[in-house]
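Residues per chain are reported as follows:
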Amino acid sequence: QVQLVESGGGLVQAGGSLRLSCAASGRTFSSYAMGWFRQAPGKEREFVAAISWSGGSTYYADSVKGRFTISRDNAKNTVYLQMNSLKPEDTAVYYCAAKFPGTLVAGTGSYPDEYDYWGQGTQVTVSS
């Protein structure tokens, strides 16, 4: 069992930055690949970024590539999402999720159904 708690959301102006954190419980965090997803009102949950158990593989949605960076610290059981150059269209509830096994290959890690555990979400609002 893995419990995930996101933090770091808030209100920011366009062009600004935020860093989201996702703290995981349990001793097996390093066995899981981690992902960030987001859901805007009236829209489906969409993939943002994913990182393998070791941090050696990362994948991004085209819409955030070059602006967002996913990273993890297995010693702290935490995964991060650094968001720069934020746009109003980035406004959404952001969720972190964990999937086992923790390896990622191209084409995996981007579908919500692949993930076993989810956090409760944190709101990010970008004003224009």
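Presented here is a report on the structure given in the accompanying data block. (Residues numbered from 1 in each chain as written. Predicted model: local features only at pLDDT ≥ 70, side-chain atom pairs only at ≥ 80, totals over all residues. Heavy atoms only, no water.)

## Some remarks on the packing of aromatic side chains
Link 1 in the chain: Counted according to the given criterion, the structure contains seven aromatic pairs.
Link 2 in the chain: Where F37 meets Y115, the ring centres are 5.2 Å apart and the plane angle is 80°; that geometry is what we call edge-to-face. Pair noted here: F37 is in strand β4 (residues 33-39) and Y115 is in the loop between β9 (92-99) and β10 (117-118), with a separation of 78 residues, a long-range link.
Link 3 in the chain: A residue is classified by how much of its surface remains accessible, and Y115, at 6% relative accessible area, is buried.
Link 4 in the chain: An aromatic cluster is present here, built from F37, F47, Y95, Y115 and W118 joined pairwise through their rings.
Link 5 in the chain: The positively charged end of R45 is found above the aromatic ring belonging to W118, 4.8 Å away from the centroid.
Link 6 in the chain: In this structure, R72 packs its charged tip against the face of F29, placed 4.5 Å from the ring centre. (Phe/Tyr/Trp six-rings, centres within 6.5 Å; stacked < 30°, edge-to-face > 60°. Helix = DSSP H or I, 4+ residues; strand = E, 2+ residues; numbered from the N terminus. Buried < 20%, exposed > 50% of the residue type's maximum accessible area, 1.4 Å probe, protein only. Lys NZ or Arg CZ within 6 Å of the ring centre and 35° of its normal.)

## A short note on the side chain of S21
Link 1 in the chain: Inspection of the secondary structure assignment puts S21 in strand β3 (residues 18-24).
Link 2 in the chain: In this structure S21 comes out as buried when scored by relative accessible area, which is 16%.
Link 3 in the chain: Residues within four places of S21 in sequence aside, it is in contact with V5, E6, S7, W36, T78, V79 and Y80. (Contact = heavy atoms within 4.5 Å.)

## Some remarks on the pairing of strand β1 (residues 4-7)
Link 1 in the chain: A one-sided burial pattern is seen for β1, the buried positions being L4 and E6 and the unburied ones V5 and S7.
Link 2 in the chain: In terms of strand pairing, β1 meets β3 through four bridges, oriented antiparallel. Opposite L4, over in β3, you have A24 as the bridge partner. (Pairing = 2+ DSSP bridges.)

## Description of the environment of G9
Link 1 in the chain: As for its position among the elements, G9 is in the loop between β1 and β2 (10-13).
Link 2 in the chain: Judged by its relative accessible area of 34%, G9 falls in the partly exposed class.
Link 3 in the chain: Sequence separation between G9 and G121 is 112 residues; the distance between their C-alpha atoms is 9.0 Å.
Link 4 in the chain: Apart from the residues within four sequence positions on either side, G9 is in contact with L20, T122, Q123 and V124.

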